[in-house]
Amino acid sequence: MTDPTKIAMHIDGEPLEVLPGSTILQAAHGAGMSIPHFCYHKKLSIAASCRMCLVEVDKVSKPVPACATTVSSGMVVRTRSEPALRAQQAVMEFLLINHPLDCPICDQGGECQLQDLALGYGGAHSRYTEEKRVAPGQEDVGPLIAMKEMSRCIHCTRCVRFGQEIAGVMELGMAHRGEHSAIETFVSRAIESELSGNLVDVCPVGALTSRPFRYRGRSWELSRRKSISPHDSTGANLILGVRDDQVLRVTPFDNEEVNECWLADRDRYSVDALYTQDRLLSPMVKVGGTWKEVAWEDALAVVVNGWKSILAKQGAAAIGALVSPHSTLEEQHLCVRLLRGLGSPHIDYRLRHAEFPQPERVRYLGMTIAALSSLESVLLVGSSLRRDHPLFAQRIRQAARKSCIVSGLVESREDWAMPVAHWMEAPATDWTGALAEVVVAVAAIQGVPAPVSATAGPLATAIAQSLVGRERTALLLGNAAAHHPKASALLAMANWIGRQTGARVGYLTEAANTVGAQWVGALPGEGGRNAAQMLEGGLASLLLLNNEPAFDSAAGNDALARLADSANTDLVVTLSPFRANLEYSKVLLPIAPFAETSGTYINAEGRVQTFRAAVRPQGAARPAWKVLRVLANMMELPGFEENSSEEVLRSLPGLRYEGTWSTDPARLGNDTTAALDPTSCTGKPVVASIYGLDGIVRRSPSLQATALATAAPHRSHATA
């Protein structure tokens, strides 16, 4: 039956029905047909600059570009006819006039769109006998991207359009004209975008290449292993390129609902941290103030004997654990069970928080990640959007390009690389008062009593108006709002605004598995100490799972000083892939990072994503879930019989398995019973810098060489 909402047409004799407004190229791709192209990219605007997609259309006197020609009813297209092929071959001949034929040595070898298509459309001989054009490359545009062989550039302008349309920062442009046209940075500036690595993916030739991966391997040498990013709450899908049991590079795995086809630079380049000298390759015990490498049995015995002694003398309340929100669900779950099994209520994942309520449900984004791209209006509270969530920023940027009204409540304006309609600037200590103004403005517009006392200024009224009367609106709380001394009051006011305007309320969530940490209950039990209280000292033993309090906690260096005082904490045990917490730990247990272990993350929207180990653990490192299980076994705790991470996952309550794992939606929610308190507070939220988020990015040589890393400390206050 013919669909009245679609247009009937033919491509290469095949009858098709396609949506009005589609191009010939989109129609062909939708039908599984291939049309050669270079400048077209499904996520970028149409440039029609390469002309490789020329096709023959009935009743049109000359070939037309398939990427820029909209289909019409009854259109008959031939992509493989003699005129179409002759046009495509002519374009290929033109492109190869100046392109250096350095395929045997080109560092793009094996992944070059031009090389692939030249095999099918290129001639056996060249009619061009003049000297090829040589375009000078740029020696140094930053530590992540290489632009050394710009003679390979075919001027498709994908990189330019990516900067304008996706990254929001136009760092590359087409300079000069005619034969002298060249892609260049502006006035020899470096490429500094937090999404710059995607330039390598969109370049169809070897003009823009990954500087850390350059000349380290060929694509056909690499095994492709799927994985999930361990950094921010997007849960970006990755492909790890593996050779000789080592991850050489990371590229995106397309997932339209999560990261589309993009990666943040920290997702892509952080993997080089796994091969630095800072890796912890064997267990270590501090003896007489000196670190010594020991066997696993000896290191575990020190921990177990220490815990048994503490339990006998001081009881389980003298033992606590701090869990990283970047650890896997299985690791967090076993750590919770281990502490509960020992009888301790002291466990927490909220290292950077300043307020520690027991949440009613698991806090999350409040919507799908994909829905961010279609918002009509959004108010972001306490977020350094590009730094904290580069791919969420990209989604909201797409919405802004479609007229979404973006507003921000921040300490000072930041470059979000998108039009921001309303900046509400206030000291973090006064954010509750500023948001109260929006509450009052919404109440006035909706004609309901305001639940707080405040005077709404013109700016608050404008923000309120942007949230009222639209279908797809959101109020999103960033990392600084989650870490705020009055985080509950901010959430309570956000919820009130949401109820009155219909806006969705959600947290952007700080880490890869913040939702997972809540899911497994990595929170203090009755009478238990929270993260801040544990870092004040006083516990005889502290287990640090994949975190460094000096960088990952609100206490910062104060935590280092307190923990280093053995009078406060006698036995600090660190489970880390790196030589971390040396100043105050007594035992270091080497655990496998994300590429070397299997596990699960729950991202900000509540999506459960499992992954397998891509390579074997280095040295004597072991998956953390195994280490925790063995510790529980040695402590003779019942119920620790799992032999795989899958068995640990299956032991978790509340997860569903229907071919893939999913969360129970009823357990997700941002509701709160906290009061709407507009009064100001003391103290400022602590947030991480873009490349100080976790131990892996902090140790990535390539990321730490970027301007973004050198410009910001590893941890900072919101004012920094």
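Criteria and thresholds
Residues numbered from 1 in each chain as written. Predicted model: local features only at pLDDT ≥ 70, side-chain atom pairs only at ≥ 80, totals over all residues. Heavy atoms only, no water. Helix = DSSP H or I, 4+ residues; strand = E, 2+ residues; numbered from the N terminus. Rg over C-alpha atoms; globule rule 2.2 N^0.38 Å. Buried < 20%, exposed > 50% of the residue type's maximum accessible area, 1.4 Å probe, protein only. Areas by Shrake-Rupley, 256 points an atom, 1.4 Å probe, with all protein chains shown as cover. Lys, Arg positive; Asp, Glu negative; His and termini not counted. Charge placed at Lys NZ, Arg CZ, Asp CG, Glu CD. Core = buried A, V, L, I, M, F, W, Y, C linked by side-chain atoms within 4.5 Å. Domains from an automatic or database assignment. Contact = heavy atoms within 4.5 Å. Expected span 1.5 Å × (residues − 1). Pairing = 2+ DSSP bridges. Axes fitted to C-alpha atoms, helices over the stretch in contact; angles between N-to-C directions. UniProt positions renumbered as here; feature names shortened; annotations may be inferred. Parallel < 35°, antiparallel > 145°, perpendicular 65-115°, else oblique. Left-handed = near helix turned anticlockwise from the far one by under 90°. Nonpolar A, V, L, I, M, F, W, Y, C, P; charged D, E, K, R; others polar.

Chemist: Could you give me a rundown of the overall build of the protein chain, with the residues and numbers involved?
Modeler: Each helix and strand in the protein chain was counted, giving 23 helices and 30 strands. Against the compact-globule benchmark of 27 Å for 720 residues, the protein chain has a radius of gyration of 28 Å, which places it among compact chains. By the burial criterion, 60% of the 720 residues in the protein chain qualify as buried. For the protein chain, the exposed surface amounts to about 28,100 Å²; the carbon and sulfur share of it is 51%. Computing the positive centroid from 69 side-chain charges and the negative centroid from 74, the protein chain places the two 1 Å apart.

Chemist: Can you tell me about unusual backbone geometry, naming the residues and giving the values?
Modeler: In the Ramachandran plot, Arg51 falls in the positive-phi region, its phi being about 65° despite a non-glycine side chain. Here Arg51 is to be found in the loop between helix H1 (24-30) and strand E3 (54-57). The backbone phi angle of Lys59 is positive, close to 70°, even though this residue is not glycine. Within the element layout of this structure, Lys59 appears in the loop between E3 and strand E4 (64-65).

Chemist: How would you summarise the nonpolar core if you had to cite specific residues and measurements?
Modeler: Here is a general trend for soluble globular proteins: nonpolar side chains tend to be buried in one another's company. The biggest cluster of nonpolar side chains holds 71 residues, and the ones touching the most others in it are Phe38, Leu172 and Leu240. Looking at this core, the elements that each hand over two or more residues are helix H2 (82-98), helix H3 (113-121), helix H4 (158-167), helix H5 (198-202), strand E11 (237-243), strand E12 (246-252) and helix H21 (695-698). Take this core: its biggest share by element is five residues, from H4. Counting contributing residues per domain, this core is built from domain 1 (7-97) and domain 2 (126-273), each supplying no fewer than three. Setting aside chain neighbours within four positions, we find Leu172 in contact with Met147, Cys159, Val160, Ile183, Glu184, Thr185, Phe186, Ile191, Leu199 and Leu208. Core analysis: the next-biggest nonpolar cluster, separate from the first, contains 56 residues, Ala318, Val323, Val362 and Met635 among them.

Chemist: Would you mind going over helix H14 (residues 487-501) in detail, with residue names and values included?
Modeler: With 15 residues, H14 should reach 21 Å at 1.5 Å per residue; the first-to-last C-alpha distance of 21 Å fits that figure. Of all 15 residues in H14, 13 are buried; the element is thus mostly enclosed. Note on H14: the residue one or two positions beyond its end, Gly502, has a positive phi of about 85°.

Chemist: Account for the side chain of Ser407, with residues named and values stated.
Modeler: Tracing the backbone through its elements, the reader meets Ser407 in strand E18 (residues 405-410). Classification of Ser407 as buried rests on a relative accessible area of 1%. Dropping the residues within four chain positions of it, Ser407 is found in contact with Val378, Leu379, Leu380, Trp416, Val420, His422, Ile463 and Ser466.

Chemist: How would you explain the sheet that holds strand E1 (residues 7-11) if you had to name every residue and give the values?
Modeler: Strands sit in the order E2-E1-E5-E3-E4 across an open sheet of five strands; the sheet is mixed. Both edges of this open sheet fall to strand E2 (14-18) and E4, since each of them pairs with a single strand only. Two strands pair when backbone bridges link them, and E1 and E2 are joined in this way by five bridges, in the antiparallel orientation. Bridged to Met9 within E2 is Leu16. Lying on the sheet, H2 is in contact with E3 and strand E5 (76-78); it crosses E3 at an angle near 160°.

Chemist: Describe the pairing of strand E14 (residues 290-293), listing the residues and the values that go with them.
Modeler: Two strands pair when backbone bridges link them, and strand E13 (residues 284-287) and E14 are joined in this way by four bridges, in the antiparallel orientation. Across the sheet, Val285 pairs through a bridge with Lys292, a residue of E14. Where E13 folds back on E14, the antiparallel hairpin that results is connected by two residues, among which Gly288 adopts a positive phi of roughly 60°.

Chemist: Residue-level account of the UniProt feature "domain: 4Fe-4S His(Cys)3-ligated-type" (unreviewed entry) in the protein chain, with values.
Modeler: Within this structure's numbering, the places UniProt gives as "domain: 4Fe-4S His(Cys)3-ligated-type" (unreviewed entry) are residues 83-122. End-to-end, the C-alpha atoms of residues 83-122 are 16 Å apart, and along that stretch the chain is 62% helix and 0% strand.

Chemist: Go over the packing of helix H11 (residues 431-446) against helix H12 (residues 458-467) with me, naming the residues and quoting the values.
Modeler: For the pair H11 and H12, the least separation of the axes is 8 Å and the interaxial angle reads 60°. One way to sum up the angle between H11 and H12 is to call them oblique. Here H11 and H12 pass one another in a crossing that is right-handed. Here H11 contributes Glu437, Val438, Ala441, Val442 and Ile445 to the contact with H12, which in turn contributes Ala460, Thr461, Ile463, Ala464 and Gln465. Tallied by class, the residues present in the contact of H11 with H12 amount to seven nonpolar, two polar and one charged.

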